[in-house]
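These are the residues of each chain, in order.
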Amino acid sequence: MPITLLEQDAEFTQVCQWLDSNIIGDPITPETDNLNLLTENKKIYLWFMDRDCYKGLSKYFALSSPGQVYSRLVGGKMYDLVYAEDRWFRTGMENDTLKQRTEYHIAQTLDTANFDSLKSTLRSSLACLIADEIAARSVNAEVDSILKNGFIVYKIGYTEIAAAAKRTFFDQVGLIIEKLNPLFNVRNSTDLERLPEIYSTVNNRRIEVALNTLNGLSREANGAMVATENATSSLLHSKMKQAIYYWQGIYEMDI
């Protein structure tokens with residue numbers, strides 16, 4: 001049966017009912033062994049977090065559910081929708097599955113030759129809640145564990161929508177984010193003003209930790225430059241900086 005589209009004027013309850021009707025398949029555990037299940041195109045991916053995770057992610061402030069949230073009961077546990085994303089091949093990425101966004105989330109590497117792998121707002125949100133800097137391998141491993149043990153992913157398929165209509169596809173995930181407000185999707189300042197305070201708290205934490213990380217990387221790069229007198233470290237730092245800005249949804253002019 002062809003999927004019905006979510007209407008622009010749909011209210012919270014209607015969107016929840018629409019998701020209940022259109023989610024396909026069983027929940028997927030986000031780990032590298034399941035990458036082939038999480039890299040299909042023409043899909044919306046819905047990331048749910050076990051409610052028990054809120055307490056474990058409250059190291060720096062009390063992380064809590066924003067209140068009105070879309071949830072699903074799975075295996076006796078309640079999971080809240082915390083992140084939504086679309087999947088459509090992007091320009092220049094048609095034949096490069098390693099640059100697909102979902103792989104950033106669950107197969108990130110800190111190899112300095114591959115800074116593109118840092119482009120995950122979801123990972124940054126989790127990393128910033130457990131550490132003051134996000135470029136440490138121990139942090140990377142802990143985020144992997146949180147995703148594997150505390151998250152599940154559902155999909156919505158749009159295989160019948162032609163490539164020429166992908167604007168419709170983008171609009172659909174935009175409506176889900178607008179209507180349901182998943183906690184870890186990046187918001188602009190106007191959106192943050194109308195949302196509960198927890199959204200601004202998470203956003204500010206992301207920016208604070210990104211700057212801490214960049215400052216640490218700057219010190220390392222400058223030290224390496226003095227020691228080696230070559231531009232390699234400076235270039236690596238510049239690439240890391242660009243990746244983290246993208247990852248955090250911020251721009252240099254904002255800071």
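The rules behind the values
- Residues numbered from 1 in each chain as written.
- Predicted model: local features only at pLDDT ≥ 70, side-chain atom pairs only at ≥ 80, totals over all residues.
- Heavy atoms only, no water.
- Helix = DSSP H or I, 4+ residues; strand = E, 2+ residues; numbered from the N terminus.
- Buried < 20%, exposed > 50% of the residue type's maximum accessible area, 1.4 Å probe, protein only.
- Areas by Shrake-Rupley, 256 points an atom, 1.4 Å probe, with all protein chains shown as cover.
- Expected span 1.5 Å × (residues − 1).
- Arc of directions from axis to C-beta.
- Pairing = 2+ DSSP bridges.
- Axes fitted to C-alpha atoms, helices over the stretch in contact; angles between N-to-C directions.
- Contact = heavy atoms within 4.5 Å.
- Core = buried A, V, L, I, M, F, W, Y, C linked by side-chain atoms within 4.5 Å.
- Salt bridge = Lys/Arg side-chain N within 4 Å of Asp/Glu carboxyl O.
- Polar contact = N/O pair within 3.5 Å; in protein donor to acceptor, adjacent residues only side chain to side chain.
- Phe/Tyr/Trp six-rings, centres within 6.5 Å; stacked < 30°, edge-to-face > 60°.
- Parallel < 35°, antiparallel > 145°, perpendicular 65-115°, else oblique.
- Nonpolar A, V, L, I, M, F, W, Y, C, P; charged D, E, K, R; others polar.
- pLDDT = per-residue confidence, 0-100.

Chemist: Please explain the overall build of the protein chain as it appears in this structure.
Modeler: Each helix and strand in the protein chain was counted, giving 9 helices and 5 strands. When its helices and strands are written in sequence order, the protein chain yields α-β-β-α-β-β-α-α-α-β-α-α-α-α. Looking at the protein chain as a whole, 47% of its 255 residues qualify as buried. As displayed, the protein chain offers around 12,700 Å² of accessible surface, 49% of which is attributable to carbon and sulfur atoms.

Chemist: Sorry if this is basic, but what is going on with helix α5 (residues 137-150) here?
Modeler: Owing to its 3.6 residues per turn, the α-helix aligns residues three or four sequence positions apart on the same side. Look at α5: 20 Å from first C-alpha to last across 14 residues, which is about the 20 Å you get at 1.5 Å a residue. Among the residues making up α5, those that are buried are Val139, Asn140, Val143, Ile146, Leu147 and Gly150. Seen end-on, α5 carries its buried residues on one side only, within an arc spanning 130°. Set apart from the buried face of α5 by more than 90 degrees, the exposed residues are Arg137, Ser138 and Asn149.

Chemist: Help me out: how do you make sense of unusual backbone geometry in this one?
Modeler: Generally, phi is negative for residues other than glycine and the peptide bonds are trans, each holding for most cases. A positive phi angle, close to 50°, is found at Asn181, a residue other than glycine. Tracing the sequence through the fold places Asn181 in the loop between α6 (166-180) and α7 (189-194).

Chemist: Is there a simple way to explain the sheet that holds strand β5 (residues 151-157) in this structure?
Modeler: For sheets, the rule is that strands pair by backbone hydrogen bonds, running either parallel or antiparallel. With antiparallel pairing, the 5 strands of this open sheet are ordered in space as β1-β5-β2-β4-β3. The open sheet has two edge strands with one neighbour each: β1 (23-28) and β3 (71-74). Averaged over neighbouring strand pairs, the angle between their axes works out to 35° when direction is ignored. Where helix α1 (residues 12-22) meets the sheet, its contacts fall on β1, β2 (43-50), β3 and β5, and the angle it forms with β1 comes to roughly 80°. Running at roughly 65° to β5, α5 makes contact with β2, β4 (77-87) and β5 of the sheet.

Chemist: For this particular structure, what's the right way to read the nonpolar core?
Modeler: Soluble, globular proteins show a tendency: their nonpolar side chains are buried together. Counting 34 residues, the largest nonpolar core has Leu57, Leu63, Phe151, Leu183 and Phe184 as its most contacted members. Filtering out sequence-adjacent residues up to four positions away, Leu183 remains in contact with Tyr54, Leu63, Ser64, Leu81, Val82, Ile198, Tyr199 and Val202. Membership of the second largest hydrophobic core comes to 26 residues, among which are Ala10, Val74, Ala84 and Tyr158.

Chemist: What am I meant to see in the environment of Glu208 here?
Modeler: Here Glu208 shows up in helix α8 (residues 197-228). Taking the C-alpha atoms as reference, Glu208 lies 9.3 Å from Glu133; in sequence the two are 75 residues apart.

Chemist: Honestly, the pattern of salt bridges in this entry has me stumped. Any pointers?
Modeler: For side chains bearing opposite charge, pairing can occur when the charged atoms are close. Enumeration over the complete set of coordinates arrives at 8 salt bridges. Note that Glu31 and Lys148 form a salt bridge whose closest N and O atoms lie 3.6 Å from each other. On the criterion of sequence distance, the pair formed by Glu31 in the loop between β1 and β2 and Lys148 in helix α5 is long-range, its members being 117 residues apart. The class of Lys148 is partly exposed, set by a relative accessible area of 45%.

Chemist: I'm lost on the side chain of Arg72 in this one. Help?
Modeler: Mapped onto the elements of the fold, Arg72 is located in strand β3. A polar contact of 3.3 Å, which involves the side chain of Arg72, links it to the side chain of Asp20.

Chemist: So what exactly am I meant to see when it comes to the packing of aromatic side chains here?
Modeler: Each aromatic ring pair is described using two quantities: the centre-to-centre distance and the angle formed by the ring planes. Under the definition given, this model contains 2 aromatic pairs. An angle of 85° between the planes, with centres 5.6 Å apart, marks the rings of Phe48 and Tyr154 as edge-to-face. Residue Phe48 is found in strand β2, and its partner Tyr154 is found in strand β5; the two are separated by 106 residues along the sequence. Overall, the relative accessible area of 0% leaves Phe48 in the buried class.

Chemist: Honestly, the pairing of β5 in this entry has me stumped. Any pointers?
Modeler: The two faces of a sheet get side chains in turn, since along a regular strand they alternate between them. Taking burial as the measure, the 7 residues of β5 include 7 buried ones, the bulk of the element. Residues Phe151, Val153, Lys155 and Gly157 of β5 are buried on one face, and the alternating residues Ile152, Tyr154 and Ile156, pointing to the opposite face, are buried as well.

Chemist: What is the right way to look at the packing of helix α4 (residues 121-128) against α5 in this model?
Modeler: The packing of two helices is summarised by the inter-axis angle and the distance between the axes. Their axes nearest at 10 Å, the elements α4 and α5 cross at an angle of 110°. Considering the angle they form, α4 stands roughly perpendicular to α5. Packed against α4, whose contacting residues are Leu122, Arg123, Leu126 and Ala127, the element α5 presents Val139, Asn140, Val143, Asp144, Ile146 and Leu147 at the interface. Here the residues of the contact of α4 with α5 are counted per class, giving 7 nonpolar, 1 polar and 2 charged.

Chemist: Even after reading the chapter, I still don't get the confidence of the model for the protein chain, so can you show me in this structure?
Modeler: Segments scoring low in pLDDT should not have their predicted coordinates read at a detailed level. Summary statistics for the protein chain give a mean pLDDT of 78 and a share of 68% for residues scoring 70 or more. Note on residues 90-99: pLDDT is under 50 here. Beyond four places in sequence and across chains, it has 10 contacts. For the stretch residues 251-255, pLDDT sits under 50, and the model shows 5 contacts to residues farther than four places along the chain or on other chains.

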